[in-house]
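Residue strings, one per chain:
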Amino acid sequence: MIGFGRPQPETGEEAWKYHLDRFARENQQELAALTWGFTLEQEEPGEILGIDLQPSPHFIACSRQAIEMLNRNVNNQLQEILGIVDGYRPEKEALLIAIGEGQIKLINFAPDPLPPDCFEQVSEDISTLCDRLEQRLVEEMGDFTVNS
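So, how was this worked out
- Residues numbered from 1 in each chain as written.
- Predicted model: local features only at pLDDT ≥ 70, side-chain atom pairs only at ≥ 80, totals over all residues.
- Heavy atoms only, no water.
- Pairing = 2+ DSSP bridges.
- Helix = DSSP H or I, 4+ residues; strand = E, 2+ residues; numbered from the N terminus.
- Axes fitted to C-alpha atoms, helices over the stretch in contact; angles between N-to-C directions.
- Contact = heavy atoms within 4.5 Å.
- pLDDT = per-residue confidence, 0-100.
- Buried < 20%, exposed > 50% of the residue type's maximum accessible area, 1.4 Å probe, protein only.
- Polar contact = N/O pair within 3.5 Å; in protein donor to acceptor, adjacent residues only side chain to side chain.

Caption draft 1: Focus on the sheet that holds strand β4 (residues 103-109). The strand order across the open sheet formed by 4 strands is β2-β1-β3-β4, and the pairing between neighbours is mixed. Looking along the sheet, the strands with just one partner apiece sit at the ends: β2 (58-62) and β4. Strand-to-strand twist in this sheet, taken as the mean axis angle between neighbours without regard to direction, amounts to 30 degrees. Pairing between strand β3 (residues 94-100) and β4: 7 bridges, direction antiparallel. The partner of A98 across the bridge, within β4, is K105. Across the face of the sheet, helix α1 (residues 15-26) comes into contact with β1 (48-52), β3 and β4 while running at roughly 20 degrees to β4. Packed onto the sheet, helix α2 (residues 28-41) meets β1, β2, β3 and β4 and runs at close to 95 degrees relative to β3.

Caption draft 2: Broad picture of the confidence of the model for the protein chain. Considering every residue of the protein chain, the mean pLDDT works out to 86; 87% of them sit at 70 or more. Ranking the elements of the protein chain by mean pLDDT puts helix α3 (residues 64-73) last, at 89, and helix α5 (residues 115-122) first, at 96. With pLDDT under 50 throughout, residues 1-6 is counted as low confidence; its partners more than four residues away or in other chains account for 1 contact.

Caption draft 3: Local environment of unusual backbone geometry. Backbone torsion omega between Q54 and P55 reads -5 degrees, so that peptide bond is classified as cis. By secondary structure assignment, the location of P55 is in the loop between β1 and β2. The linkage connecting D112 with the following residue, P113, adopts the cis geometry, with an omega of 10 degrees. Summarising the element assignment, P113 is placed in the loop between β4 and α5. Positive phi values are uncommon outside glycine, yet N76 reaches one of about 60 degrees. Residue classification places N76 among the partly exposed residues on the basis of a relative accessible area of 46%.

Caption draft 4: Inspection of the side chain of K105 at higher detail. Following the sequence through the fold, K105 ends up in strand β4. Taking relative accessible area as the criterion, K105 reaches 16% and is therefore assigned buried. Of the polar contacts made by the side chain of K105, one reaches the side chain of D21; its length is 2.9 Å. Ignoring any residue separated from it by four or fewer positions in sequence, one finds K105 in contact with W16, K17, L20, D21, L96, I97 and A98.

The following block contains the structure:
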């Protein structure tokens, strides 16, 4: 049961999602900048930024085709996620898909300022920003693994 105003559990199967939510909250503008920069540099149209938690947290590109294949493999249980991906407006919101062992989680928010403005304010290249955020993500997740 989820109680409003109560901290989420830091142990068990859902703990990685709590840590990921906290990471996203604490790094909202930089994540928005990263998603916008990723959008500008993506090689394949329709890719979104992902976070792969194994073996250690790192950013990856997720194609819509890969999400569709995963959806087919799980008997269409990801239809809502595909709908969110289809409606994604990178100039207005940030969208990331986190991949844990046997689980996925969406991170979706509308930052203030908008992602292009966040990107301009950060004034770092994508590689540097990505490396810095990956290091923070590793620190946030600590020794925690999705299986703990």
